[in-house]
Protein chains: 2
Amino acid sequence: MNKNYYCVIMAGGVGARFWPMSRTSQPKQFIDILGTGESLLQRTFQRFLKVCPPENIFIATNSIYRDLVKQQLPEISDFQILCEPSRRNTAPCIAYANYKIHQINPNATVVVAPSDHVITKEDEFTNVILSAMDAATHNNWLITLGIQPSNPNTGYGYIQFDENEVYAKDNRLKKVKTFTEKPELEMAKQFLQSGDFLWNAGIFIWKLENSMRAFKQYLPEIDELFQSGLSYYNTPEERDFIDKTYPMCKNISIDYGVMEKAENVYVLSSEFGWSDLGTWGSLYEHLPKDKNRNAIVGRNVMMYNSQDCIVNMPKDKLAVIQGLDGFIVAEDSGILLICRKEDEQQIRQFVTDVSIEKGEKYV
Amino acid sequence: MNKNYYCVIMAGGVGARFWPMSRTSQPKQFIDILGTGESLLQRTFQRFLKVCPPENIFIATNSIYRDLVKQQLPEISDFQILCEPSRRNTAPCIAYANYKIHQINPNATVVVAPSDHVITKEDEFTNVILSAMDAATHNNWLITLGIQPSNPNTGYGYIQFDENEVYAKDNRLKKVKTFTEKPELEMAKQFLQSGDFLWNAGIFIWKLENSMRAFKQYLPEIDELFQSGLSYYNTPEERDFIDKTYPMCKNISIDYGVMEKAENVYVLSSEFGWSDLGTWGSLYEHLPKDKNRNAIVGRNVMMYNSQDCIVNMPKDKLAVIQGLDGFIVAEDSGILLICRKEDEQQIRQFVTDVSIEKGEKYV
């Protein structure tokens, strides 16, 4: 295992899309949404154990989830948890991780990845990451992972590559032409047809020095803020410094702040059974289904005359469900949600209503 | 209050029709199925406090529910609870109560009523019962309450009266011509049209001596069994005697064993908002409904785009329900049921399946 390889897992999200399972007190990355016995964060951590030593894996999360991270990953030490005192999107989070890792090992090559995605072909994932780590170590590139799109999904960003600039040692690695934010359906269809667009998986690989150089160039005000704490990283003063400095950063994504502006950006075209699990629909795709196409998490769920449902019940809860067609039925912490799958975008509104009518403790 | 008036509330049923709220460990009569804060048994007890002194009210139940009765009716003393060691339908239960009350007060007039019915016009109910008690005290009649039918319900038994034999002091009280078990729909329609049929509410009023005489005549073998325990009633030996004797009785209803055979049977034609709550449908009728015709029990139930549902959630449970039309959604003791209202007859099958697949503790 390469001692210069590092990993930053971003686990600060507070998404309520899978409410009631995901709530502010327990967002998606911390829950066993697939019913495998491990949370998405735990699975992500396990995946990166094949890439770098455990002590080289850092978890960036919101301060309020520090204990949750320690509880779910008891094998990591406190200094490996980066606590964000406020939400500032991905660029400040990565700038912070850069400085912290730089203090330990300036020769690091780093992979940065979200904690709440699902990846079904884990061996292929390891293969892709190791190839990208190797390419990033030997080139001045900022590498991002692109997923071979299977449908004109309008929920993802797209990356267009240049077929003529391909890495000699791995022809899956190509120079990026353009980044596109979530497109309209018609445009997504054209992207798919053109054959040179990939989904943006939000997974980045780079040599630390190249990432830091890019911040200095494209986000100098964020860089300066973290630069000012050079003497604090990995000391008892780090937390105070971050608590004071982090909120001063502007809120900006690494895609918008760096990747879309930089010149030396490459994308590795991958296919490892990826989903960002952004919707119940995408979760449904990743769960095993019974003969009536019901995807069921929970040991004591009995279905009668029901089809195309996604049911997520606490492990031992007995549920008898009859006559439902295309519904989400989910329960967690004593909160029950029943909602048509096709109306899942309304869940955000339900959560807002619940918060207003019943109180913050439920959301 | 007339000291000779007594009441026997029959609370031995084990119906699973309202599963998961009603289960073997907690049948319908013990649950707050209307969400009023009182169980059906408690409401029944309250109603009879307007008829006779509390110490004259007896509760007949299965031995396994003794503690449940004591818990729900802490004001009654142990000797007022008649424990049936096995299920033998209504006739043995009433024979037992007769002997027990006779030992205390041979001049009693008794009303016998189920514990699990709903009655919305309680003042009218009191009025009807008191009129029947008075008539029963002064005549050798066995009186049953008949409900003015509002529809050709095939779930009830029917009683035909003789319009020409009416009690002078209360013209609602008429001699019975025939009893009919649950009819087919066509026959029920004819009953309704004829105007001389009433629903059988299963509520009986008689002078104790007349009831006991009827048992001696029509069910002598049951009468002899209880006669043999004369010296035990209301003594510490009563329980042992009953545990031994009760199971020897044949399983027979008071309707079939006595009322349908006796000559001096009268019916009091009543209208006090009665239902035996035999189905979710009948419960639905008795619950208040929102503007989308949803009947909701539970403080934290939020409905979106849902109509004609009946929702019964634990008091504080948060449930968000979207897109359901004509469903039962019920939870109790951590068991969730979702079922189309029109398919509620399948619930019995679910309960059987649950008992086989998941164990007796759930049913």
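Our subject is the structure listed above.
Since the model is a prediction, treat every value here as computed from it, not as a measurement.

A closer look at the pattern of salt bridges
Residue and element names in this part refer to chain A.
Thought 1: Scanning the entire structure with this criterion turns up 39 salt bridges over all chains.
Thought 2: Between Arg172 and Asp170 there is a salt bridge, with its nearest N and O atoms 2.9 Å apart.
Thought 3: A relative accessible area of 23% places Arg172 in the partly exposed class.
Thought 4: Judged by its relative accessible area of 7%, Asp170 falls in the buried class.
Thought 5: Through salt bridges with shared partners, a single network forms among Glu38, Arg43, Arg47 and Glu122.

With respect to helix α4 (residues 122-138) of chain A
Thought 1: Counted at 1.5 Å a residue, the expected span for α4(A) with its 17 residues is 24 Å, and the 25 Å between its end C-alpha atoms agrees.
Thought 2: Of the positions making up α4(A), those classed as buried are A:Glu122, A:Phe125, A:Thr126, A:Val128, A:Ile129, A:Ser131, A:Ala132, A:Met133, A:Ala135 and A:Ala136.

Comments concerning the interface of chain A and chain B
Thought 1: Every contact between the two is made by 33 residues of chain A and, on the other side, 33 residues of chain B.
Thought 2: Carbon and sulfur atoms make up 59% of the area that chain A and chain B hide from each other, which totals about 2700 Å².
Thought 3: Our count for the contact surface shared by chain A and chain B stands at two salt bridges.
Thought 4: A salt bridge links A:Lys317 to B:Glu331, with the nearest nitrogen and oxygen atoms 2.7 Å apart.
Thought 5: Contributions of two or more residues to the side of chain A that touches chain B are made by β13 (301-304), β15 (318-322), β16 (327-332), β17 (335-340) and α11 (347-357) of chain A.

Quick notes on the relation of the copies chain A and chain B
Thought 1: Each copy superposes on the other: chain A lies on chain B with an RMSD of 0.1 Å after a rotation of 180° and an axial shift of 0.1 Å. Here the transformation between the copies is reduced to the relation of a two-fold axis.

Side note on the pairing of strand β10 (residues 265-270) of chain A
Residue and element names in this part refer to chain A.
Thought 1: Within β10, six of the six residues are buried, leaving the element largely enclosed by the surrounding structure.
Thought 2: Both faces of β10 are covered, namely the face carrying Val265, Val267 and Ser269 and the face carrying Tyr266, Leu268 and Ser270.
Thought 3: Where strand β6 (residues 142-147) lies against β10, six bridges are found, and the strand directions are parallel. Bridge assignment links Ile147 to a residue of β10, and that residue is Ser270.

Comments concerning the packing of aromatic side chains
Thought 1: What the rule picks out here adds up to 44 aromatic pairs over all chains.
Thought 2: Here A:Phe226 and A:Tyr246 contribute two aromatic rings whose centre-to-centre distance is 6.1 Å and whose plane-to-plane angle is 70°, an arrangement assigned as edge-to-face. In this pair, A:Phe226 is assigned in helix α7 (residues 220-227) and A:Tyr246 in the loop between α8 (238-245) and α9 (254-259), connecting sequence segments 20 residues apart. Side by side, A:Phe226 and A:Tyr246 carry an identical accessibility label, which is buried.
Thought 3: Directly above the aromatic system of A:Tyr284 lies the positively charged group of A:Lys289, at a separation of 4.5 Å from the ring centroid.
Thought 4: Sitting over the face of the ring of B:Phe125, B:Arg47 holds its NZ or CZ atom 5.4 Å from the ring centroid.

Brief notes about empty space enclosed by the protein
Thought 1: As enumerated under the stated definition, the model contains two cavities of 30 Å³ or more in all.
Thought 2: Put simply, the largest cavity is a space of about 40 Å³.
Thought 3: Every residue lining the largest cavity is listed: B:Arg47, B:Phe48, B:Ala113, B:Pro114, B:His117, B:Ile119, B:Phe125 and B:Ile203.
Thought 4: Broken down by class, the residue content of the lining of the largest cavity amounts to six nonpolar, one polar and one charged.
Thought 5: Put simply, the parts of the chain that give the lining of the second largest cavity at least two residues each are α1 (40-48) and β4 (109-114) of chain A.
Thought 6: Each residue belonging to the lining of the second largest cavity can be placed in one class, and the counts come to six nonpolar, two polar and one charged.

Observations regarding unusual backbone geometry
All names here are of chain A.
Thought 1: Looking along the chain, the bond that leaves Trp19 and enters Pro20 is cis, with omega of 10°.
Thought 2: Mapped onto the fold, Pro20 is located in the loop between β1 (5-10) and α1.
Thought 3: Here Arg293, not a glycine, exhibits a phi torsion of approximately 60°, which is positive.
Thought 4: Residue placement: Arg293 occurs in the loop between α10 (280-286) and β12 (295-297).

Quick notes on the side chain of B:Asn294
Residues and elements named next belong to chain B.
Thought 1: By secondary structure assignment, the location of Asn294 is in the loop between α10 (280-286) and β12 (295-297).
Thought 2: Within the structure, Asn294 has its side chain in polar contact with the backbone oxygen of Ser306 (distance 2.8 Å).
Thought 3: In this structure Asn294 touches Pro288, Lys289, Met303, Ser306, Gln307, Asp308 and Cys309, once residues within four positions along its chain are discounted.

Re the sheet that holds strand β14 (residues 310-312) of chain B
Thought 1: Taken together, the six strands give an open sheet; going across it, the order is β13(A)-β15(A)-β17(B)-β16(B)-β14(B)-β12(B), and neighbouring strands pair in mixed fashion. The strands lining the two open edges of the sheet, one partner per strand, are β13 of chain A together with β12 of chain B. Averaged over all pairs of adjacent strands, the angle between their axes in this sheet comes to 5°, without regard to strand direction.
Thought 2: In this structure, β15(A) lies alongside strand β17 (residues 335-340) of chain B, joined through four bridges in parallel fashion. The residue of β17(B) that forms the bridge with A:Ile321 is B:Ile338.
Thought 3: Running at roughly 145° to β13(A), helix α11 (residues 347-357) of chain B makes contact with β13 and β15 of chain A together with β16 (327-332) and β17 of chain B of the sheet.

Thresholds, definitions, all that
Residues numbered from 1 in each chain as written. Chains lettered and ligands numbered in written order. Predicted model: local features only at pLDDT ≥ 70, side-chain atom pairs only at ≥ 80, totals over all residues. Heavy atoms only, no water. Salt bridge = Lys/Arg side-chain N within 4 Å of Asp/Glu carboxyl O. Buried < 20%, exposed > 50% of the residue type's maximum accessible area, 1.4 Å probe, protein only. Helix = DSSP H or I, 4+ residues; strand = E, 2+ residues; numbered from the N terminus. Expected span 1.5 Å × (residues − 1). Contact = heavy atoms within 4.5 Å. Buried area = accessible area lost by both parts, 1.4 Å probe. Least-squares fit on C-alpha atoms with pLDDT ≥ 70 in both. Pairing = 2+ DSSP bridges. Phe/Tyr/Trp six-rings, centres within 6.5 Å; stacked < 30°, edge-to-face > 60°. Lys NZ or Arg CZ within 6 Å of the ring centre and 35° of its normal. 1 Å grid on protein atoms, 1.4 Å probe; cavity = no way out; pocket = protein on both sides within 12 Å on 5 of 7 lines; lining within 4 Å. Points joined across faces, edges and corners; volume = space filled by probe spheres on them. Nonpolar A, V, L, I, M, F, W, Y, C, P; charged D, E, K, R; others polar. Polar contact = N/O pair within 3.5 Å; in protein donor to acceptor, adjacent residues only side chain to side chain. Axes fitted to C-alpha atoms, helices over the stretch in contact; angles between N-to-C directions.

In short, geometric facts, not functional conclusions.
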